[in-house]
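Residue-level listing of the chains:
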Amino acid sequence: MVTSPRARAWQRMLSGRRLDLIEPSPLDVEIADIAHGLARVARWNGQTHGPEIFSVAQHSLLVEAVFSRLNPDATREHKLAALLHDAPEYVIGDMISPFKAVMGGEYKEVERRLLAAILIRFGLKATMAPELVKAIKQADRGCAFYEATELAGFTEGEARKFFGAPGVARADIAGYLEPWRPEEAQARFLVRFAELDA
């Protein structure tokens with residue numbers, strides 16, 4: 001009896017690393033791969049205004065900026081965790097929340113393992129404290145409000161219903177809401193990472 005080989009469960013990165021999606025190793029995580037991938041993954045499934053996508057890299061920078069504004073006493077490690085909160089999407093893409101709800105457990109487990117490997121790779125705890133997760137989520141939802149209304153065609157009423165009040169003034173983050181070219185998003189992500197990882 002011939003048995004079929006196990007399906008490939010890893011991805012080759014441009015750095016040359018081979019990242020196993022089932023059991024990801026922190027040793028196979030490189031920030032250059034993360035920045036490159038996130039700068040080319042579209043938020044909102046690409047359903048945004050403008051000639052460029054609004055990338056997950058740009059969103060990550062926006063979330064870290066809002067998190068830092070809302071939490072002025074945040075440590076460097078907490079800011080780095082905020083910057084990396086969506087880092088698994090460099091491998092698995094940005095699934096919109098309704099699709100995540102449909103997919104359920106297995107998707108979330110793969111995402112959890114990837115995030116743990118990424119956090120460990122950069123000197124953070126594999127699991128974030130619940131209060132940190134909550135604070136990052138608050139910033140994330142505030143960013144989603146502005147992304148939804150400025151870029152994705154939501155009315156303010158719809159955005160408030162799904163994401164709540166933004167928590168920061170639009171003027172404070174206006175520079176983050178004009179989609180950047182992938183090369184710019186990648187470069188800016190790497191610069192901010194280097195500042196927080198110093």
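As shown above, the structure is provided for reference.
None of the values given here were measured: they were computed from a predicted structure.

Describing the nonpolar core
Within the largest apolar cluster, 58 residues are counted, with the highest numbers of intra-cluster contacts made by I34, L84, Y90, F122 and F189. The element best represented in this core is helix α7 (residues 130–150), accounting for nine residues. In contact with F122, other than residues within four places in its own chain, are V29, E30, I31, I34, L80, L84, F193 and D197.

Describing the environment of G93
With respect to the element layout, G93 can be found in the loop between α4 (89–92) and α5 (97–103). Take G93: its relative accessible area is 18%, and that puts it in the buried class. Put simply, G93 and L196 are 103 residues apart on the chain and 24 Å apart in space, counted from C-alpha to C-alpha. In contact with G93, not counting residues within four places along its chain, are V41 and Y107.

Section: the packing of helix α2 (residues 56–70) against helix α10 (residues 182–197)
Two elements in contact, α2 and α10, have axes whose closest approach is 9 Å; the angle formed by their N-to-C orientations is 40°. Between α2 and α10, the angle falls in the class oblique. Between α2 and α10 the crossing geometry is left-handed. Contact with α2, carried on its side by A57, Q58, S60, L61 and E64, involves A185, R188, F189, R192 and L196 of α10 and no other residues of that element. Split into classes, the residues belonging to the contact of α2 with α10 amount to five nonpolar, two polar and three charged.

Some words on unusual backbone geometry
With a phi close to 60°, W44 is a non-glycine residue in the positive phi region. Residue W44 is classed as buried on the basis of its relative accessible area of 15%. Although it is not a glycine, N45 adopts a positive phi angle of roughly 55°. Along the polypeptide, N45 turns up in the loop between α1 (31–38) and α2.

A closer look at the pattern of salt bridges
One pass over the full model with this rule turns up 17 salt bridges. Among the ionic pairs, E30 bridges to R17, the shortest N-O distance being 3.0 Å. Taken together, the residues span a long stretch of sequence, with E30 in the loop between β2 (18–20) and α1 and R17 in the loop between β1 (10–12) and β2 at a distance of 13 residues. A salt bridge links R43 to E147; the shortest N-O distance between them is 2.8 Å. With a gap of 104 residues between them, R43 in the loop between α1 and α2 and E147 in helix α7 connect regions that are remote in the sequence. Pair check on accessibility: R43 and E147 agree, each one buried. Within this structure, R17, D28, E30 and R121 form a network of salt bridges that share partners.

A closer look at the layout of surface pockets
Taken as a whole, the second largest pocket encloses approximately 170 Å³ of empty space. Lining the second largest pocket are E77, H78, A81, L119, L124, K125, T127, M128, A129, E131 and L132. For the lining of the second largest pocket, the secondary-structure elements that each account for two or more residues are α3 (76–83) and α7. Taken together, the residues that form the lining of the second largest pocket break down as six nonpolar, two polar and three charged.

What counts, and where the lines are drawn
- Residues numbered from 1 in each chain as written.
- Predicted model: local features only at pLDDT ≥ 70, side-chain atom pairs only at ≥ 80, totals over all residues.
- Heavy atoms only, no water.
- Core = buried A, V, L, I, M, F, W, Y, C linked by side-chain atoms within 4.5 Å.
- Buried < 20%, exposed > 50% of the residue type's maximum accessible area, 1.4 Å probe, protein only.
- Helix = DSSP H or I, 4+ residues; strand = E, 2+ residues; numbered from the N terminus.
- Contact = heavy atoms within 4.5 Å.
- Axes fitted to C-alpha atoms, helices over the stretch in contact; angles between N-to-C directions.
- Parallel < 35°, antiparallel > 145°, perpendicular 65-115°, else oblique.
- Left-handed = near helix turned anticlockwise from the far one by under 90°.
- Nonpolar A, V, L, I, M, F, W, Y, C, P; charged D, E, K, R; others polar.
- Salt bridge = Lys/Arg side-chain N within 4 Å of Asp/Glu carboxyl O.
- 1 Å grid on protein atoms, 1.4 Å probe; cavity = no way out; pocket = protein on both sides within 12 Å on 5 of 7 lines; lining within 4 Å.
- Points joined across faces, edges and corners; volume = space filled by probe spheres on them.

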